[in-house]
Amino acid sequence: PQLETVLGKQWYQRRVRGIMIVFVLAASLLTLVVSCPPGTRLTGTRGCQLCPKGSYSSREDSPHCYKCLRGSYADKEGSTQCTECPTNHFTYFESSESPEDCIGPQLVIKTEDGTVYRFLNSVETDFKLEAAPGTVTARMGTWQITKSTGHQFDLREGESEASDDLSEITSIKARFNNVFCYTGNGEGYAGTADTTKYGVKCLNWDNVASMPDYNPGHNHCRSWGRGHKEPYCFINGDTDPRAVPCTVPRCVWDVDCKVREDGQGYVGEVSVTRGGTTCQAWSSNYPHPHGYNVGNHNHCRNPDTTESDVWCFTTDLFQRWDYCSVRTCEAHEKKFDYKIPGPRRPEEQFMAVF
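Cut-offs used in this document
- Residues numbered from 1 in each chain as written.
- Predicted model: local features only at pLDDT ≥ 70, side-chain atom pairs only at ≥ 80, totals over all residues.
- Heavy atoms only, no water.
- Disulfide = S-S within 2.5 Å.
- Helix = DSSP H or I, 4+ residues; strand = E, 2+ residues; numbered from the N terminus.
- Buried < 20%, exposed > 50% of the residue type's maximum accessible area, 1.4 Å probe, protein only.
- Contact = heavy atoms within 4.5 Å.
- Pairing = 2+ DSSP bridges.
- Axes fitted to C-alpha atoms, helices over the stretch in contact; angles between N-to-C directions.
- Salt bridge = Lys/Arg side-chain N within 4 Å of Asp/Glu carboxyl O.

### With respect to the state of the cysteines
Applying the stated rule across the entire model yields ten disulfides. The disulfide partner of C36 is C48, and the S-S distance across this bridge is 2.0 Å. Its torsion about the S-S bond being -95 degrees, the disulfide of C36 and C48 is classed as left-handed. Placement of C36 in the loop between α1 (2–33) and β1 (40–42) and of C48 in strand β2 (residues 48–50) is noted, with a sequence separation of twelve residues between them. Among the residues examined, C48 registers a relative accessible area of 34% and is labelled partly exposed.

Next comes the structure, spelled out in structure tokens:
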């Protein structure tokens, strides 16, 4: 009887072990057979899992879902690609989940009878509206409005202007520089960005004890004071608030290129003439005395717009001034650019969510 009991237990154990082996082999085989479609990731024995909002996968059996890069978003689970923001609109962060994350100019014109026109970019030619009273509102950014009467004015973010005849408006122009992006070291930035590169909301400047001389009454990123290369703000630190860079992109138009042929508005850093001579600093009167007050730099400018292009005084004693070579901006170029800190290898451009 004892021998029969032992043999029975051994048979039972072998049977259980055999069933487990069959189960493992079946699961492994299932894993090999399952094909995960784009928009999902392969998760081993768990099969396929939908990519969450803000991410995507574009091929079958992808081992990862990838973050949407800045300037795009995915507002649904299982996305196979990210949706680009409208032209010259951007997102402050990767992995954006909504079109509402796209930041850029937005102008709304509403007629008295309730018809609404929404504009996301400048319209400087062939701009026509019906002859009717209405209201023009700058929902986001600053807009320059021009009327057929010659009247020109700026609408800042949140401001509205009533019009007795909307057909008088001949052009609308969105301002980008120092509104949605910054030039130089950000000293002229006047936008409303209020988030750091780490995704932390900025403190109100009035509550930063180490900045007693700066009390603007808001928490928008700024480049106040010396020694800063881009807009920043303060966040809570271990003991005291600390300064942290913001997510504001760098301006491109009128920085890397000129918008107008005559260079009016150019604020870039080209400081060499067409002939290759270094420019004289505008703050200096040597070797050529002058009366311009352009700033403490030697970058090419067209300060009084009387010349046909940007120029500068030269450091050559025998040549007082000369034009500079600055290319004209292309219509398809974006008006902003992000600085990516440090070098990135190609495979690091797409960071896996999982």
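### Points about the side chain of T142
Residue position: T142 is located in strand β10 (residues 142–147). Once you skip the residues sitting within four places of it in the chain, T142 turns out to touch D154, L155, R156, E157, K173, A174, R175 and V179.

### Quick notes on the sheet that holds strand β13 (residues 169–175)
The strand order across the open sheet built from three strands is β11-β10-β13, with neighbouring strands paired in antiparallel fashion. One side of each edge strand has no neighbouring strand; the edge strands of this open sheet are β11 (152–155) and β13. Within this sheet the neighbouring strands show an average axis-to-axis angle of 20 degrees, counted without direction. In this sheet, β11 lies alongside β10 in antiparallel orientation, the contact comprising four bridges. Looking at β11, one finds that T146 is bridged to Q152.

### Notes on the pattern of salt bridges
Applying the stated rule across the entire model yields nine salt bridges. A salt bridge links D154 to R175; its shortest N-O distance comes to 3.2 Å. Taken as a pair, D154 in strand β11 and R175 in strand β13 lie far apart in primary sequence, 21 residues in all. Given a relative accessible area of 34%, D154 falls into the partly exposed group. Owing to a relative accessible area of 34%, R175 belongs among the partly exposed residues under this scheme.

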